[in-house]
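As a plain string of letters, each chain reads:
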Amino acid sequence: MLAAEADFLSVGTNDLTQYTLAMDRGNAAVASGIDGLHPAVLRLIAQTCKGGAVHGRWTGVCGGLASDPLAVPILIGLGVTELSSAPALVPEIKALVATLTMEACRAHAAAALQCGSAADVRSLAREFTA
């Protein structure tokens, strides 16, 4: 419903991750467990991209995942069309994106969505980028 009214969609992955996993980034007791590559977070991003695409809206991602080379191929495969990376990492992310194909990213993202944990997704992502 939101995509029908919006010009675009933008996902802030730091907040999305914190709220999805019910872990406060400021709480040292749980902060180490926060990982944006958790399958639940990825599923929400995928749903956002699908909803946006139905209405011809692009979806951008900012926050930690947009600057994470392990996450970028997955995000692209989920349908993310814009990344807002940390300035110092833009050349690295740009170079990475230039090596990717949509077909490979989509297959990789589909596999990531089937994982049971962020650790499993990270392991899969390391194999993809190796």
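Use the structure listed above.
Computed from a prediction, not measured in an experiment: that's the story for all the values here.

(A) Fine view of the sheet that holds strand β1 (residues 9–12). Within the open sheet, the 3 strands sit side by side as β1-β2-β3. Their pairing is parallel. The open sheet terminates on both sides in strands that have one partner only, identified here as β1 and β3 (82–84). Strand-to-strand twist of the sheet, defined as the mean angle between neighbouring strand axes without regard to direction, takes the value 20°. Note that strand β2 (residues 59–62) and β3 share 3 bridges and pair parallel. Counterpart to V61 in the pairing with β3 is L83. Strands in contact with helix α3 (residues 39–54) are β1 and β2; relative to β1, the strand with the most contacts, it is inclined by about 170°.

(B) Region of interest: the side chain of T59. By secondary structure assignment, the location of T59 is in strand β2. The class for T59 is buried, based on a relative accessible area of 1%. Once you skip the residues sitting within four places of it in the chain, T59 turns out to touch L9, V11, T48, C49, V80, T81 and E82.

About the cut-offs
Residues numbered from 1 in each chain as written. Predicted model: local features only at pLDDT ≥ 70, side-chain atom pairs only at ≥ 80, totals over all residues. Heavy atoms only, no water. Pairing = 2+ DSSP bridges. Helix = DSSP H or I, 4+ residues; strand = E, 2+ residues; numbered from the N terminus. Axes fitted to C-alpha atoms, helices over the stretch in contact; angles between N-to-C directions. Contact = heavy atoms within 4.5 Å. Buried < 20%, exposed > 50% of the residue type's maximum accessible area, 1.4 Å probe, protein only.

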